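Per-entry structural report
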Amino acid sequence: MTVGLYAWLRGECPAASSPWGWCLFQLGLLLLPSSVLLASLLFVPALVLGSLRRECAYWRDRWNWPLLVAGGLMLLGCFSALRADLAWAGLANWLPFFWGFWGFQPYVAEAGARRRAALWMVAGTVPVVVTGLGQLWLGWQGPWQSLGGLVIWFMAPGGEPEGRLSGLFDYANIAAAWLALVWPLMLAALVQPGLDRRRRSVVLILAVALVTALVLTESRNGWGALVLVVPLVLGPVSWPWLLPLLALGLIPVLLAVLPGVPELLQDPARALVPESVWSRLSDSRYAGERALASTRLSQWGFALQLITERPWLGWGAAAFSVLYLLRTDKWHGHSHNLPLELAVSSGVPAALALVVLVLALMIVSLRCSRMGLFDRAWWAAVLVLVVLHGTDMPFFDSRLNIAGWILIAGLRSRIRQTETPAVSPG
């Protein structure tokens, strides 16, 4: 049985990767949303094996140069940080993943391997969906422990915040970020050709459950991702009929939530759109409280002020939360925007290096060759993460951080597939 399982896991192993590393990598993806500890115990040896016998050294790949620059600036900035202890600890959110970006590439080097990796992420999300729905509908709550306390699922009763699905994650917005990330991969799994009726029925049930869980997070970013992803995954061939259909469906939502719409139009729209949707989108349920948008704007303005004071090396990791409390007597853990947070912590040059790297990977991989179904889904998942980090910081959850670097490693590998020796960065 063990031999058979190993042989099955070795299926579609990329030519450039270690077979054992490929097996560990797949199992790590399966366990990642449930336990970052167990997943890391598999990913670390996979990364070691993925770093051995490489044709191109790390520093010879031009796509790694922005990471080397950013890493050097981050290290240098720790010596002048507002809180040196926090700054050095904050490097753990970045430097290991700069290695991961390179070390994961052999395992996502081919289209078949990326498809299989996507399916493992879909399978690994099943516990997130099941526990999340159980949390809201059946009253499940944690903590649940296994393996002598090595794996602990903290599930807040009724969700966190109350009434919003959070499942295995600390907060509903983080759960929504994971589900939104997996949604394009799930959609590709659902519409892929070649599935028999039984398998497609199973995937359809999982897809409906995932969409339901994502809606129940009440994350506006998550809801937006549900719509954004569909035309990207289905591809241009679907746009002549899909885009008008989506626009038609969004018209009543816009009429229900936009300010200034005449009551003659808004009242019927609000009768058509569920109140839980339009009240969340319009913030009408929080009447008398400070609007979320203004809170974000105040945090971004404060971040820009800090950046102008220390533009080159920044203030160090977690400095935003310390300074925001000192100067405003209010606490916010971060600036709710990853580029701004990076610039505050590590300076504008480091932030630009990382932002330009991700955007360049997205643009070049999009243009380098025709995309298949799962490569479109893979690219859409990266886009979802990029958009989410414009108004929030889900990367502070290590599961999303790891998944994000695996995804952009896949974009780099796709670019490599189309490079010729004459233009190879190696």
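Details of the structure are given in the entry above.
Below is a summary of the structure that appears in this document.

What counts and what doesn't
Residues numbered from 1 in each chain as written. Predicted model: local features only at pLDDT ≥ 70, side-chain atom pairs only at ≥ 80, totals over all residues. Heavy atoms only, no water. Helix = DSSP H or I, 4+ residues; strand = E, 2+ residues; numbered from the N terminus. Rg over C-alpha atoms; globule rule 2.2 N^0.38 Å. Buried < 20%, exposed > 50% of the residue type's maximum accessible area, 1.4 Å probe, protein only. Contact = heavy atoms within 4.5 Å. Lys, Arg positive; Asp, Glu negative; His and termini not counted. Charge placed at Lys NZ, Arg CZ, Asp CG, Glu CD. Core = buried A, V, L, I, M, F, W, Y, C linked by side-chain atoms within 4.5 Å. Phe/Tyr/Trp six-rings, centres within 6.5 Å; stacked < 30°, edge-to-face > 60°. Lys NZ or Arg CZ within 6 Å of the ring centre and 35° of its normal. Salt bridge = Lys/Arg side-chain N within 4 Å of Asp/Glu carboxyl O. Expected span 1.5 Å × (residues − 1). Patch = residues over 30% accessible without salt bridge, like charges linked within 9 Å, V, L, I, M, F, W, Y side chains within 5 Å. Areas by Shrake-Rupley, 256 points an atom, 1.4 Å probe, with all protein chains shown as cover. Polar contact = N/O pair within 3.5 Å; in protein donor to acceptor, adjacent residues only side chain to side chain.

**Quick look at the overall build of the protein chain**
- Regarding its fold elements, the protein chain presents 20 helices and two strands.
- In terms of overall dimensions, the protein chain is globule-like: its C-alpha atoms have a radius of gyration of 22 Å, near the 22 Å expected for 426 residues.
- Considering only C-alpha atoms, the protein chain reaches an extent of 65 × 60 × 50 Å along its principal axes.
- Considering the protein chain as a whole, with its 426 residues, one finds that 49% of them fall into the buried category.
- Considering only contacts in the protein chain between residues 6 or more positions apart, those separated by 24 or more positions represent 69%.
- Between the mean site of the 30 positive side-chain charges and the mean site of the 22 negative ones, the protein chain shows a separation of 10 Å.

**Description of the environment of W300**
- By the element assignment, W300 lies in helix 15 (residues 292–309).
- Accessibility expressed as a relative area gives 22% for W300, which makes it partly exposed.
- Between the C-alpha atoms of W300 and S335, which are 35 residues apart in sequence, the distance is 6.1 Å.
- Sequence-distant contacts of W300, defined by excluding residues within four places in its chain, comprise S335, H336, N337, L340, G390 and T391.

**Regarding the nonpolar core**
- Among the nonpolar cores identified, the biggest contains 118 residues, and F25, F43, W94, F98, W178 and L181 are the most heavily contacted of them.
- In terms of residues, this core owes the most to one element, helix 9 (residues 172–191), which gives 16 residues.
- Residues contacting F43, with those up to four places away along its chain left out, are F25, G28, L29, L32, F104, I402 and I406.
- Formed by six residues, the second largest nonpolar core is a distinct cluster that contains V253, A256, A269 and W278.

**Observations regarding the packing of aromatic side chains**
- Counted according to the given criterion, the structure contains 20 aromatic pairs.
- Between the aromatic rings of Y58 and W102, the centroid separation amounts to 5.4 Å while the plane-to-plane angle is 75°, which identifies the pairing as edge-to-face. Taken together, the residues span a long stretch of sequence, with Y58 in the loop between helix 3 (36–51) and helix 4 (65–77) and W102 in helix 6 (residues 95–103) at a distance of 44 residues. W102 matches Y58 in its accessibility class, with the two residues each being buried.
- Between the NZ or CZ atom of R54 and the centre of the ring of W102, over which it lies, the distance is 4.1 Å.
- In this structure, R270 is placed above the aromatic ring of W278, and the distance from its NZ or CZ to the ring centre is 4.0 Å.

**Describing the pattern of salt bridges**
- Under the defined criterion, the tally for this structure stands at eight salt bridges.
- Between D375 and R114 there is a salt bridge, with its nearest N and O atoms 2.8 Å apart. Of the two residues, D375 is situated in helix 19 (residues 373–388) and R114 in helix 7 (residues 111–124); the sequence distance between them amounts to 261 residues. With respect to class, D375 is no different from R114; both count as buried.
- The salt bridge partner of R399 is D397, with a shortest N-O separation of 2.9 Å.
- Residues participating in the shared-partner salt-bridge network are D61, R412 and R416.

**A short note on helix 8 (residues 126–137)**
- With 12 residues, helix 8 extends 16 Å between its outermost C-alpha atoms, agreeing within 8% with the 16 Å of an ideal straight helix rising 1.5 Å per residue.
- Taken together, the buried positions of helix 8 are occupied by V128, V129, T131, G132, L133, G134 and Q135.
- Structurally, helix 8 contributes buried residues whose contacts are with strand 1 (144–146), strand 2 (151–153), helix 9 and helix 10 (197–216).
- One or two residues past the end of helix 8 sits G139, with phi positive at roughly 75°.

**Comments concerning a nonpolar patch on the surface**
- A cluster of nonpolar residues, L37, L41, L147 and L150, forms a patch on the protein surface that exposes about 410 Å² of accessible area.
- Relative to the assigned elements, L37 resides in helix 3.

**Quick notes on the side chain of R114**
- What makes R114 buried here is its relative accessible area of 3%.
- A distance of 2.8 Å separates the side chain of R114 from the side chain of Q417, its partner in a polar contact.
- Among all residues touching R114, those that are not within four sequence positions of it are V108, A109, D375, W378, G410, S413, R414 and Q417.

**Thoughts on the environment of P143**
- On the secondary structure map, P143 appears in the loop between helix 8 and strand 1.
- Residue P143 is classed as partly exposed on the basis of its relative accessible area of 48%.
- Sequence separation of P143 and A156 is 13 residues, and the distance between their C-alpha atoms is 8.3 Å.
- Contact partners of P143, with chain neighbours within four places excluded, come to I152, W153 and F154.

**What about unusual backbone geometry?**
- The omega torsion across G142 and P143 is 5°, close enough to zero to call that bond cis.
- Looking along the chain, the bond that leaves E160 and enters P161 is cis, with omega of 0°.
- Note that P161 resides in the loop between strand 2 and helix 9.
- The backbone of A318 shows a phi angle near 65°, a positive value even though the residue is not glycine.

Bear in mind that shape data such as this cannot, by itself, settle questions of function.
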